[in-house]
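So you can see what is in the structure, the chains are spelled out below.
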Amino acid sequence: MNTVQTSSNRKVAVVTGASSGIGEATARTLAAQGYDVVIGARRLDRLTAVADEIGGRAIPLDVTDDESVAAFCAHLDRVDILVNNAGGARGLATVAQADLEDWRWMWETNVMGTVRMTRALLPALEASGDGLIVTITSIAAIEPYDNGSGYTAAKHAQGVMHRTLRFELLGKPIRLTEIQPGMVETEFSLVRFDGDAQRAASVYEGLTPLTADDIAEVIGFVASRPPHVNLDTILIKPRDQASARRNIKNP
Ligand code: NAP
């Protein structure tokens, strides 16, 4: 793995949603590669603990809030990498029984949050001369599943926004990578099931899911490619999962 320069001129990597799961693991990986890592999330205690461990900077961030995004970005005078990771799912329900509050949460966090952060940091990414935007969408960004429409619709929208940018930024010094994970054992299901730990654990029982580190390692690989190499889309599933709807428990 390439190591970026470690002088006072260090490259800056911003990771949203780094207080747990994939974001936290990505922050660790990029810090180990030598990046000056700036992390944001709402749970500042956990964020600060991660930043202290990796020698990074923790700044409070709520991607659903314009003012919070503006205050976060005001701390940054250089940005080389933006990892749009903050997101998640709330609930499982048919369209007929859709909970509109859950839908709003998922759209505000996954879609509008990614738009807010990307729009705010595009000038700095371009000015870096070799910018990289990594957006964590999901297998749910390419495949619908029963009772998942609020999340799959939001992830499809987030993915299309990211893919549109690939066209809009053609000719500018910014690479774009969409990571589409399948099942990763993080706090994702705990959030989806509103803190029900037993229900969350049952999602991963009877199969071997991916870990947050499995995803972070791939992001580290993406970041360490030379500027002319753009890994556009990466779908990562555990061996035990064939699609969003089919896995060894549900063949
Ligand atoms: P996680 O452990 O629940 O992490 C989610 C992170 O997002 C947390 O750090 C959380 O921090 C942050 N976040 C949530 N709302 C936020 C907001 N309004 N502002 C700022 N940060 C916010 O779950 P994860 O699996 O690592 O999820 C990371 C990304 O991967 C998400 O986009 C998710 O949709 C995607 N993904 C996950 C899976 C999976 O199976 N786990 C599969 C495909 C895609 P705070 O609560 O402290 O703000």
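The following paragraphs examine the structure supplied in this document. (Residues numbered from 1 in each chain as written. Predicted model: local features only at pLDDT ≥ 70, side-chain atom pairs only at ≥ 80, totals over all residues. Heavy atoms only, no water.)

Moving on, we come to the overall build of the chain. For the chain, the helix and strand inventory stands at eight helices and seven strands. Considering only C-alpha atoms, the chain reaches an extent of 50 × 40 × 35 Å along its principal axes. The proportion of buried residues among the 251 residues of the chain is 49%. Long-range contacts, defined here as pairs at least 24 residues apart, represent 69% of the contacts in the chain between residues at least 6 apart. Carbon and sulfur atoms make up 52% of the accessible area of the chain, which totals about 11,800 Å². Side chains of the chain give 25 positive and 31 negative charges; the mean places of these two sets differ by 5 Å. (Helix = DSSP H or I, 4+ residues; strand = E, 2+ residues; numbered from the N terminus. Buried < 20%, exposed > 50% of the residue type's maximum accessible area, 1.4 Å probe, protein only. Contact = heavy atoms within 4.5 Å. Areas by Shrake-Rupley, 256 points an atom, 1.4 Å probe, with all protein chains shown as cover. Lys, Arg positive; Asp, Glu negative; His and termini not counted. Charge placed at Lys NZ, Arg CZ, Asp CG, Glu CD.)

Extensive coverage of strand β6 (residues 174-181) is indicated by the burial of eight of its eight residues. The two faces of β6 match: I174, L176, E178 and Q180 on one face and R175, T177, I179 and P181 on the other face are all buried. With six bridges connecting them, strand β5 (residues 131-136) and β6 associate as parallel partners. Bridge pairing in β6 places I133 opposite L176. Once you follow β5 into helix α5 (residues 149-168) and on to β6, the crossover reads as right-handed. (Pairing = 2+ DSSP bridges. Right-handed = clockwise from strand over helix to strand, strands pointing away.)

As for its placement among the helices and strands, E143 is situated in the loop between β5 and α5. In terms of polar contacts, E143 uses its side chain to reach the backbone amide nitrogen of A244, at 2.9 Å. With residues near it in sequence (within four places) discarded, E143 still touches T152, H156, S243, A244 and R245. (Polar contact = N/O pair within 3.5 Å; in protein donor to acceptor, adjacent residues only side chain to side chain.)

Now for the sheet that holds strand β4 (residues 81-84). The strand order across the open sheet formed by seven strands is β3-β2-β1-β4-β5-β6-β7, and the pairing between neighbours is parallel. A single partner strand is all that each edge strand has here, and the edge strands are β3 (57-60) and β7 (233-236). Strand-to-strand, the axes of this sheet are offset by a mean angle of 15°, without reference to chain direction. With respect to the sheet, helix α1 (residues 21-32) is in contact with β1 (12-16), β2 (36-41), β4, β5 and β6, its orientation differing from that of β1 by roughly 170°. Of the strands in this sheet, β5 and β6 are in contact with α5, which crosses β6 at around 155°. (Axes fitted to C-alpha atoms, helices over the stretch in contact; angles between N-to-C directions.)

Right, let's get into the pattern of salt bridges. Note that side chains of opposite charge can pair when their charged atoms are close. This structure, assessed with the given rule, holds 15 salt bridges. Here R43 makes a salt bridge to E187, at a shortest N to O gap of 3.1 Å. With R43 in the loop between β2 and α2 (44-54) and E187 in the loop between β6 and α6 (188-192), the pair connects residues that are 144 residues apart, well separated along the chain. For R43, a relative accessible area of 35% puts it in the partly exposed group. Assessed through its relative accessible area of 24%, E187 is described here as partly exposed. Note that R116 and E108 form a salt bridge whose closest N and O atoms lie 3.0 Å from each other. Several salt bridges converge on common partners, so that one network encompasses K11, D130 and R175. (Salt bridge = Lys/Arg side-chain N within 4 Å of Asp/Glu carboxyl O.)

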